[in-house]
Amino acid sequence: MSETLPSAPAEDAGRASAPPLPRQVRIGYGLGSLGTGTFGTVPGLILLYYLTNVLAVPAAVAGAAVFLPKAWDVLINPLVGAAADRSRLQGGSRRPFLLAGALTLPPLFALVFAAPPLRGAAAAGYVAVLFLLAATAYAVFQVPYVTMPAEMTEDPDERARVLGWRVGFLGVAILLSGALAPAVAHENGDTPASYRLMGAVVAVLLLAGMLGAWRFTRHAPAVARSEPEPSLRAQLAAARDNRPFLFLVGMWTLQALAVGIMLAGVQYYATYTLGAAGAVTPLFVCMIGPLVLVMPLWNRLARARGVKYAQWCASLLFVVAAALLALTPYAGPGLGYPAVAAVGIAYAGLQLLPLTMLADTLAADAVRTGRRRAATFTGLWTAAETLAFALGAGAFALVLAVSGFRSSDAAHHADQPDSALTGINAGMSVLPAVLAAASLWLLHRYREDPAGPVPQTPARTDPPEDTDDHAQ
């Protein structure tokens, strides 16, 4: 049976009297982003390069080994969301899934970079299988995790504070893992042993963040409960009927694809355009360093001028900064590093603002339809995001293959033809800029509807204590 929501005035009154979430819950929820940010960053940043330059996997095969396991998430994410919706496990419908993901993802991640002495297609097969298992474990954690803010509070300001902690920890995770993983992997000259050590170090970071989120959200309230859709077809139908969500998820998918291509390309850009594999660490610091510093500024702009306006500013800045990277072979690192820093400033907004728009869109859908479907939409959102990042690595691998890139192992580094160097530079700059520019049309079509139309159903006349029991 569909859950009937109170009329808008009653809901507003309930929000006004709702107590703020405990600080421990806010911080604990944010800790989960140490896991999601790390797993979302490190494979996209280093896995393709590990395959082509350490395990001698041809670029096209390496792209398939990275793409196919992540594409699996397009199917598994909505199923995990539906399973969490139906769950009646002790500890709530979400937290047991957080624990399951926290206990399985870290060891699987370490094994991805602990390949036996294999080369070529055999090495690609090993990595693909382990990466598929790791992606499944990640889905078990991520889908319920993304759903939780919409169910912990119905106050949009409180949701914004919770998401602020999440994005703050996300910035720390991306900066820490993105700088640490390449530094450890390159410490002894891109050897298999250094990548094994890197995998173990990153696995510890994953475990700390994911277990922390499970532990410190144990007192999180559950003021709303999502309703499961009966099938994947029903979930897709629900998304099709929500036009703001369609335009929003389409916009973010293109932007995530652009970011995924840049993540996959930055190691090649450092090695072959800037001429030093170790340059990936300062490049990544330039890109992610501004994340935490400018996040409050994007939040302030969103409050002052609206979230959609702020998203326009962030998207346009990303397009311009990515396009400027194409001039690096002519202007040198003096342009490359500032352009990457500008990408980082834009990326801070692209991390925060779509999530804020998503939370508002889910709240509006609940008011409009009278149903709680947060997990359904967030499952589809994370599936689209995951597919975009997977396609990013696959698209850059395709650029490498088409441009004639020569794979190698740790002991024998191949010289690259001019066509490959041109492809690396264009793949890092022009292609992401074009995709981000295309996303602006979808952002234009997105219509903000923070309140949404009130369902045409009789207003509830239940006494306050019944409403409280129903919320619980």
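Residues numbered from 1 in each chain as written. Predicted model: local features only at pLDDT ≥ 70, side-chain atom pairs only at ≥ 80, totals over all residues. Heavy atoms only, no water.

Novice: I'd like a rundown of the nonpolar core, residues and numbers included.
Specialist: For soluble globular proteins, the rule of thumb is that nonpolar side chains tend to be buried together. L48, Y50, L55, F113, Y195, M198 and F318 are the most contacted members of the largest nonpolar core, which has 128 residues in total. No other element matches the 18 residues that helix α10 (residues 243-273) contributes to this core. Not counting the four nearest positions on each side in its chain, F318 is found in contact with A258, V259, M262, V343, A346, L350, P432 and A436. I76, V80, A84 and V143 belong to the second-largest nonpolar core, a separate cluster that totals 6 residues. (Core = buried A, V, L, I, M, F, W, Y, C linked by side-chain atoms within 4.5 Å. Buried < 20%, exposed > 50% of the residue type's maximum accessible area, 1.4 Å probe, protein only. Helix = DSSP H or I, 4+ residues; strand = E, 2+ residues; numbered from the N terminus. Contact = heavy atoms within 4.5 Å.)

Novice: Just give me the short version of unusual backbone geometry, but keep the residues and values in it.
Specialist: A positive phi angle, near 55 degrees, is found at A56, a position not held by glycine. Positionally, A56 belongs in the loop between α2 (23-53) and α3 (59-71).

Novice: How would you sum up a nonpolar patch on the surface? Please name residues and give values.
Specialist: A surface patch of nonpolar side chains, amounting to about 440 Å² of accessible area, comprises V172, L176, L180, L197, V201 and V292. When residues in the nonpolar patch are grouped by element, the largest group, 3 residues, is from helix α7 (residues 156-185). Mapped onto the elements, V292 comes out in helix α12 (residues 290-305). Accessibility expressed as a relative area gives 41% for V292, which makes it partly exposed. (Patch = residues over 30% accessible without salt bridge, like charges linked within 9 Å, V, L, I, M, F, W, Y side chains within 5 Å. Areas by Shrake-Rupley, 256 points an atom, 1.4 Å probe, with all protein chains shown as cover. Salt bridge = Lys/Arg side-chain N within 4 Å of Asp/Glu carboxyl O.)

Novice: Mind laying out the packing of aromatic side chains, listing which residues take part and the relevant values?
Specialist: Taken as a whole and judged by the stated rule, the model has 16 aromatic pairs. On the basis of an interplanar angle of 25 degrees and a centroid distance of 5.4 Å, the ring pair of F141 and Y145 is categorised as stacked. In this pair, F141 and Y145 both sit in helix α6 (residues 121-152), 4 residues apart, roughly one turn of the helix. A relative accessible area of 0% places Y145 in the buried class. Seen from their ring centres, W252 and W381 are 6.5 Å apart, and the 10 degrees between their planes marks the pair as stacked. In this pair, W252 sits in helix α10 while W381 sits in helix α16 (residues 374-403), placing the two residues 129 residues apart along the sequence. Owing to a relative accessible area of 2%, W381 belongs among the buried residues under this scheme. These aromatic residues form a ring-pair network of at least three members: F39, Y50, F109, F113, F131, Y138 and Y195. The ring of Y309 carries the charged tip of R305 above its face, separated from the ring centre by 4.1 Å. (Phe/Tyr/Trp six-rings, centres within 6.5 Å; stacked < 30°, edge-to-face > 60°. Lys NZ or Arg CZ within 6 Å of the ring centre and 35° of its normal.)

Worth remembering: the numbers are spatial, not functional.
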